[in-house]
Amino acid sequence: MPIQRKLIMAGNWKLFKTGPEGAAFVKELAACLGAVEGLDVVVAPPFTSLHQVAEACKGTAVTAAAQDVFWEEKGAFTGEVAPHMVRDAGAAWAIIGHSERRQYFGETDESVAKKARAVVDAGLAPIVCVGELENERESGLTEQVLKRQVTEGLSRMSAEEVAALAIAYEPVWAIGTGRTATPQVAQEACAYIRGLVAERFGSQVAERVRILYGGSVKADNASELMSQADIDGGLVGGASLEVESFAGIIEHSRP
Ligand code: PGA
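Notes on the structure follow. (Residues numbered from 1 in each chain as written. Predicted model: local features only at pLDDT ≥ 70, side-chain atom pairs only at ≥ 80, totals over all residues. Heavy atoms only, no water.)

With respect to the site of the ligand
If you check the shell around the ligand, you find 13 residues, and the closest are Lys14, His98, Glu170, Gly176 and Ser216. Within the side chain of Glu170, an N or O atom sits 2.6 Å from an oxygen atom of the ligand. With respect to the ligand, the backbone of Gly176 contributes an N or O atom lying 2.6 Å from an oxygen atom. Within the complex, 95% of the 280 Å² of free accessible area of the ligand lies under protein. Its residues assigned to classes, the shell around the ligand shows 4 nonpolar, 7 polar and 2 charged. (Near = heavy atom within 4 Å. Polar contact = N/O pair within 3.5 Å; in protein donor to acceptor, adjacent residues only side chain to side chain. Areas by Shrake-Rupley, 256 points an atom, 1.4 Å probe, with all protein chains shown as cover. Nonpolar A, V, L, I, M, F, W, Y, C, P; charged D, E, K, R; others polar.)

Considering helix 12 (residues 243-253)
Three or more residues of helix 12 are buried, namely Val243, Phe246, Ala247, Gly248, Ile249, Ile250 and Ser253. Lining the buried residues of helix 12 we find strand 1 (7-12), helix 1 (19-33), strand 2 (39-44), helix 11 (219-226) and strand 8 (233-236). (Buried < 20%, exposed > 50% of the residue type's maximum accessible area, 1.4 Å probe, protein only. Helix = DSSP H or I, 4+ residues; strand = E, 2+ residues; numbered from the N terminus. Contact = heavy atoms within 4.5 Å.)

With respect to the sheet that holds strand 8
Strand order in this closed barrel of 8 strands is 1-2-3-4-5-6-7-8, and the pairing throughout is parallel. Strand-to-strand twist of the sheet, defined as the mean angle between neighbouring strand axes without regard to direction, takes the value 25°. Alignment of strand 7 (residues 210-214) against strand 8, held across 2 bridges, turns out to be parallel. For Gly214, the partnering residue across the bridge sits in strand 8 and is Leu235. Contacts from helix 12 reach strand 1, strand 2 and strand 8, with the element oriented near 165° to strand 1. (Pairing = 2+ DSSP bridges. Axes fitted to C-alpha atoms, helices over the stretch in contact; angles between N-to-C directions.)

A closer look at helix 9 (residues 183-201)
Under the 1.5 Å per step criterion, the end-to-end length of helix 9 is 26 Å for 19 residues, consistent within 8% with the ideal 27 Å. After helix 9 finishes, the residue Gly202 shows a positive phi value of roughly 100°. (Expected span 1.5 Å × (residues − 1).)

What to know about the packing of helix 5 (residues 109-121) against helix 7 (residues 142-153)
Closest axis-to-axis distance for the helix 5/helix 7 pair is 8 Å, and the angle between their directions is 40°. Classified by chirality, the crossing of helix 7 by helix 5 is right-handed. Only Arg148, Gln149, Glu152 and Gly153 of helix 7 make contact with helix 5, whose side of the interface consists of Asp109, Val112, Ala113 and Ala116. Residue classes in the contact of helix 5 with helix 7 are distributed as 3 nonpolar, 2 polar and 3 charged. (Left-handed = near helix turned anticlockwise from the far one by under 90°.)

Details of the pattern of salt bridges
Taken as a whole and judged by the stated rule, the model has 19 salt bridges. The residue Asp232 makes a salt bridge to Arg5 at a minimum N-O spacing of 2.9 Å. Residue Asp232 is located in the loop between helix 11 and strand 8, and its partner Arg5 is located in the segment before strand 1; the two are separated by 227 residues in the primary sequence. Residue Arg5 is classed as buried on the basis of its relative accessible area, which comes to 19%. Here Arg137 ties to Glu132 by a salt bridge, and the two come within 2.7 Å at their closest N and O atoms. Taken together, the salt bridges that share partners define one network made up of Arg5, Arg194, Asp230 and Asp232. (Salt bridge = Lys/Arg side-chain N within 4 Å of Asp/Glu carboxyl O.)

Details of the environment of Val217
By the secondary structure assignment, Val217 is in the loop between strand 7 and helix 11. Counting along the chain gives 79 residues from Val217 to Glu138, while the straight-line C-alpha distance between them is 22 Å. Excluding residues within four positions of it along the chain, Val217 makes contact with Ala222, Leu225, Met226, Leu235, Val236, Ala239 and Ile249.

What about the packing of aromatic side chains?
Counted according to the given criterion, the structure contains 5 aromatic pairs. Residues Phe70 and Trp71 carry aromatic rings whose centres are separated by 4.4 Å and whose planes lie at 35° to one another, so their mutual orientation is tilted. Residues Tyr169 and Tyr213 carry aromatic rings whose centres are separated by 6.3 Å and whose planes lie at 50° to one another, so their mutual orientation is tilted. With a gap of 44 residues between them, Tyr169 in strand 6 (residues 166-169) and Tyr213 in strand 7 connect regions that are remote in the sequence. Here Tyr169 matches Tyr213 in class, with each residue buried. (Phe/Tyr/Trp six-rings, centres within 6.5 Å; stacked < 30°, edge-to-face > 60°.)

Considerations on the packing of helix 11 against helix 12
Any two packed helices are characterised by the angle at which their axes cross and by the distance between the axes. Taken N-terminus to C-terminus, the directions of helix 11 and helix 12 make an angle of 30°; their axes are 8 Å apart at the nearest point. One way to sum up the angle between helix 11 and helix 12 is to call them roughly parallel. Considering the relative orientation of helix 11 and helix 12, their crossing is right-handed. Contact residues: helix 11 offers Ala219, Ala222, Ser223 and Met226, while helix 12 offers Gly248, Ile249, His252 and Ser253. Taken together, the residues of the contact of helix 11 with helix 12 break down into 4 nonpolar, 4 polar and no charged. (Parallel < 35°, antiparallel > 145°, perpendicular 65-115°, else oblique.)

Re the nonpolar core
One finds Leu29, Val41, Val197, Tyr213 and Phe246 to be the most contacted residues of the largest nonpolar core, which totals 70 residues. In terms of residue count, helix 9 provides more of this core than any other element does, 7 residues in total. Setting aside residues no more than four positions away along its own chain, Phe246 makes contact with Met9, Ala10, Gly11, Phe25, Leu29, Val41, Val42, Val43, Val236, Ala239 and Ser240. (Core = buried A, V, L, I, M, F, W, Y, C linked by side-chain atoms within 4.5 Å.)

Below is the structure:
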């Protein structure tokens, strides 16, 4: 019997929503969803909204994530936030290595590996993002890029730790562009990533690790994407900012 992996639907709010706005969103979303089974619903607000959002999540099916963290616990690192600090603010997850961090803020596979390690050490679950650029796909480099990002990004993890985390496949050309990967393209890449995990950490770990798709996920494409064999949920940007559209995606993804 293949393992049933619990889906994750995570909203990445990026640089949107103050604390009160985020808390109001969670309350409205929770009321709209009612009881949610077989699916983890996650929202990732900016750091400054995290505590208020996490408080609003209490007693609901929604949990909070940080959008990033630094790998050190403390020290002279102006502007940085440590994993135990976001845990203290109420986060249960941390997104690591989002392509916007890689593109605009110099995130590397090495820093992703260190951050993912620190997140696990603080008792949180990382969502490690990978994905190729448009020109990399056009040049036939997708698998090479994914292999490097997955291998290096998870290089500081044990097999058991990898089984408990999530990987988000987000082709950069599909993020915020409205150009969703077709279910076939997304499935192919997620299956490839699962194969990489199997090669390095064994097939049992590969069967357990949850692999999300991200890039222009919307209510009208969610159900086909989420029904693919190797896609275990979504990382949603733009469409997670309104309760109606995020709830619609969740409704269409419920197992
Ligand atoms: P999008 O963003 O849904 O707006 O394409 C996805 C992401 O950046 O995680």
